[in-house]
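Reading the structure
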Amino acid sequence: MDICVVGAGYVGLVTSACLAYLGNQVIAVESNPERLHSLQSGGVPFFEPGLEEFVKKTSASGNLTFSDNLTAAVQKAQVIFIAVGTPSLPNGEPDLSQVMVVARAIGGALDDSKRRIVVNKSTVPVGSGNWVEMLVSQGVAKAQKSAKETVPASSGRSEGPSFVVVSNPEFLREGSAIADSFYPDRIVVGSIDEQATAVMKNLYKPIISQTFEAPSFAPRPAKLETVPFVVTDLASAELIKYSANAFLAMKISFANEISGLCEKVGADVKQVAQGIGLDYRIGKAFLNAGVGWGGSCFGKDVSALMQVAKEYSYPTSLLEATVAVNDRQRLVVIKKLQEELKILKGRTIGLMGLSFKPDTDDLRDAPALTIAYQLLKMGASVKAYDPVSNDVCKTLHPHLDIVYAADVEDLASDCDALVLVTEWAQFKKADFKKIAKLMRWPLLIDGRNALDEDEIRACGITYRGVGC
Ligand code: UDX
């Protein structure tokens, strides 16, 4: 199938590469010249395990190309994905300006040669399917008007190009984006148009029936035979995306709230999480207590959901509590530092990890930034080491007065305490005996409950976890 994906950011690039791998002809349209140039020369402008090699491979097969010519890509395609960014505005609403520009441009580029399916892959508020349809129609009308002005006798566009808008939310996680795309828990398509639904089902058939050859670096999970293909109306598909992320965020906030109570009564949140997670109705995943959730999705999606509810004067007490618990949770490690060190002014605190989770260089809404700002405000010096995002942090947050370390031992040198913020695998394998000797004061606050506390204590380091 001929596919056009507009926007070669995180979601767009992973979607493009996976669909190309499955045998489709994909043109990924990128308007940012630097990013386009980097992609055309085999680079991937962000860190995602395995993605650069995968993109190179699919490009070399001839199935994936990059372009800034939206019109040509749209005209060739049967299915057009909108995968541009929808970052949060200061009031919590998503900034839909890129979707607006792209939807109108797609309308302007459509011709009468075939019926197109415009797929909303960007995370857009409930009701955006209708809105995107309106924008595409506006683009069509504008193009028809200017065609008539240029060639008054032309009747080529009089019927109008045929298109339908569907919603196809993504659920991929950073750090495991390719595996999540090939082996999703479900594929959701929001559409009441039977032909569009059939085309989408056909496009995803190799994933639904798991008939494609698994890439060597992303093996198929044992026992996975089929992936549910869920067809809903447009608004329900849009709401599924938000509700899924809000539920996961709420689950983590629940574990975090319970972790505070565990500390009061002398319980261990890891044991509590295991005990409740074994109930299949609850499930084990996303119950890890710590410094809380961050990233580009959870905060943005929860606040977008609250904004939608506000339009209907509908109260969202659970969502508000989810955010409030998370905000409070980020500072729990600072409280623990105060309990141990008493005075933080003049102390040197080393942050292990900066990215919002391991295996990504993404610093969006990263708990480490909140913790660093707060420590600096309290008069402490902050050192940090992240295996991949030191440079990203330096560039994006030049005013954050952090001393960046070259490795975890360099980080530990002369620190009064270490705080594990991101549970990178390499931190679990660190030489804590050596680290203990390098520190001014051997204290470690494990903000993710990720380390072996007995091993750390055996090295002479005071260990404090969260909720235990
Ligand atoms: C999320 C959703 O999982 C994905 O389906 C969606 O499409 C995009 O948003 P992502 O933001 O990549 O994915 O990260 P995820 O793995 O979900 O983790 C989000 C945050 O929650 C991270 O900061 C992580 O450290 C934190 N987390 C996760 C916890 O604090 N505890 C947990 O138990 C799990």
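The model shown is predicted, which means the values in this text are computed figures rather than measured ones. (Residues numbered from 1 in each chain as written. Predicted model: local features only at pLDDT ≥ 70, side-chain atom pairs only at ≥ 80, totals over all residues. Heavy atoms only, no water.)

Observations regarding the domain arrangement of the protein
The accessible area lost on association of the parts is a frequent measure of interface size. What counts here: Domain delimitation in this document rests on an assignment produced automatically or drawn from a domain database. Note on definitions: a residue-residue contact is assigned when non-hydrogen atoms from the two residues lie within 4.5 Å. Computed with a 1.4 Å rolling probe, the buried area is the accessible surface lost when two parts are put together, summed over both parts. In what follows, salt bridge is the name for a side-chain nitrogen of Lys or Arg lying within 4 Å of a carboxyl oxygen of Asp or Glu. Between N or O atoms, a polar contact is any pair within 3.5 Å; within protein, one atom must be a potential hydrogen donor and the other a potential acceptor, and residues adjacent in sequence are included only when both atoms are from side chains. Note that Gly is not counted as nonpolar here; it falls among the polar residues with everything else outside the nonpolar set of Ala, Val, Leu, Ile, Met, Phe, Trp, Tyr, Cys and Pro and the charged set of Asp, Glu, Lys and Arg.
Here the protein is described as being made up of domain 1 (2-232), domain 2 (241-328) and domain 3 (330-464). Between the C-alpha centres of domain 1 and domain 3 the distance comes to 39 Å. On the side of domain 3, 9 residues touch domain 1, which itself brings 6 residues to the contact. Of the roughly 560 Å² buried between domain 1 and domain 3 on both sides combined, carbon and sulfur atoms contribute 49%. Of all residues in domain 1, the largest losses of buried area upon contact with domain 3 belong to Phe47, Glu174 and Gly175, amounting jointly to 83% of the total for that side. If you look at where domain 1 meets domain 3, you find 1 salt bridge. For the salt bridge of Arg364 with Glu174, the shortest nitrogen-to-oxygen distance reads 3.7 Å. Taken together, domain 1 and domain 3 are joined by 3 residue pairs in polar contact (both at pLDDT 80 or more). Considered class by class, the residues forming the side of domain 1 that touches domain 3 number 3 nonpolar, 1 polar and 2 charged.

A look at unusual backbone geometry
The criterion, for reference: What counts as a helix is a DSSP run of H or I of at least four residues, what counts as a strand is a run of E of at least two, and both are numbered from the N terminus. When a residue's accessible area, from a 1.4 Å probe over protein chains only, is under 20% of the maximum for its type it is buried; when over 50% it is exposed; and in between it is partly exposed.
Unlike most non-glycine residues, Gln210 shows phi in positive territory, near 55 degrees. With respect to the secondary-structure elements, Gln210 resides in the loop between helix 9 (205-208) and strand 8 (229-232). On the accessibility criterion, Gln210 (8% relative accessible area) is buried. The backbone of Lys223 sits at a positive phi, close to 75 degrees, despite the residue not being glycine. Turning to its location among the elements, Lys223 is positioned in the loop between helix 9 and strand 8.

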